[in-house]
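Inside the fold
Letter by letter, the chains look like this.
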Amino acid sequence: FIMDTLKSLLIGLVFMPPLIGGFTWILQRAGPWVPIQLWAFYLVVALFFMTIYPVVIAPLFSKFETLPEGTLRTKIEELAGNLKFPLKKLCRTDGSQRSAHSNAYILGPAREMQKLER
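It should be emphasised that the depicted structure is a prediction, and the values quoted were computed from it without experimental measurement.

1. Some words on the overall build of the protein chain
- In terms of regular secondary structure, the protein chain is built from three helices and four strands.
- Buried residues in the protein chain amount to 25% of all 118 residues.
- A separation threshold of at least 6 residues defines the contact pool for the protein chain, and within that pool the share at least 24 residues apart is 57%.
- Taken as a whole, the protein chain presents about 8,800 Å² of accessible surface, with 67% of it coming from carbon and sulfur.

What follows is the structure in structure tokens.
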């Protein structure tokens, strides 16, 4: 818990100043186009974090292992194939330390999708 809190604080210290600076810069210079420019800024930030989360941020908090060959992996890959789901990696992580309710989630942009079993 303490290490996760420290990692979260460090991530906030790295990313918050540029985000607040960008937001402030838009508010100071946008004029009547403030809503559109803030929306565009939010869109770029959201896409940026969607891209870096599975590669940079998530591994800081969880250890990801490739799901071993077996029935579960085969069934998931068959389901992804039937749905034409762009599954690149199939990993598992121990999520029981952080949550008691979810058992799987999907990460990454469409071309880099990975399903994580907990």
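Still more ground to cover, so stick around.
2. So, the packing of helix α1 (residues 2-29) against helix α2 (residues 34-61)
- Closest axis-to-axis distance for the α1/α2 pair is 11 Å, and the angle between their directions is 160°. Here α1 is positioned roughly antiparallel relative to α2, judged by the angle of their axes. Remark: the crossing between α1 and α2 carries right-handed chirality. Residue-level contacts link D4, K7, S8, I11, F15, L19, G22, F23, I26 and L27 of α1 to V34, Q37, L38, F41, V45, F48, F49, I52, I57, L60 and F61 of α2.
- Tallied by class, the residues present in the contact of α1 with α2 amount to 16 nonpolar, three polar and two charged.

About the criteria used
Residues numbered from 1 in each chain as written. Predicted model: local features only at pLDDT ≥ 70, side-chain atom pairs only at ≥ 80, totals over all residues. Heavy atoms only, no water. Helix = DSSP H or I, 4+ residues; strand = E, 2+ residues; numbered from the N terminus. Buried < 20%, exposed > 50% of the residue type's maximum accessible area, 1.4 Å probe, protein only. Contact = heavy atoms within 4.5 Å. Areas by Shrake-Rupley, 256 points an atom, 1.4 Å probe, with all protein chains shown as cover. Axes fitted to C-alpha atoms, helices over the stretch in contact; angles between N-to-C directions. Parallel < 35°, antiparallel > 145°, perpendicular 65-115°, else oblique. Left-handed = near helix turned anticlockwise from the far one by under 90°. Nonpolar A, V, L, I, M, F, W, Y, C, P; charged D, E, K, R; others polar.

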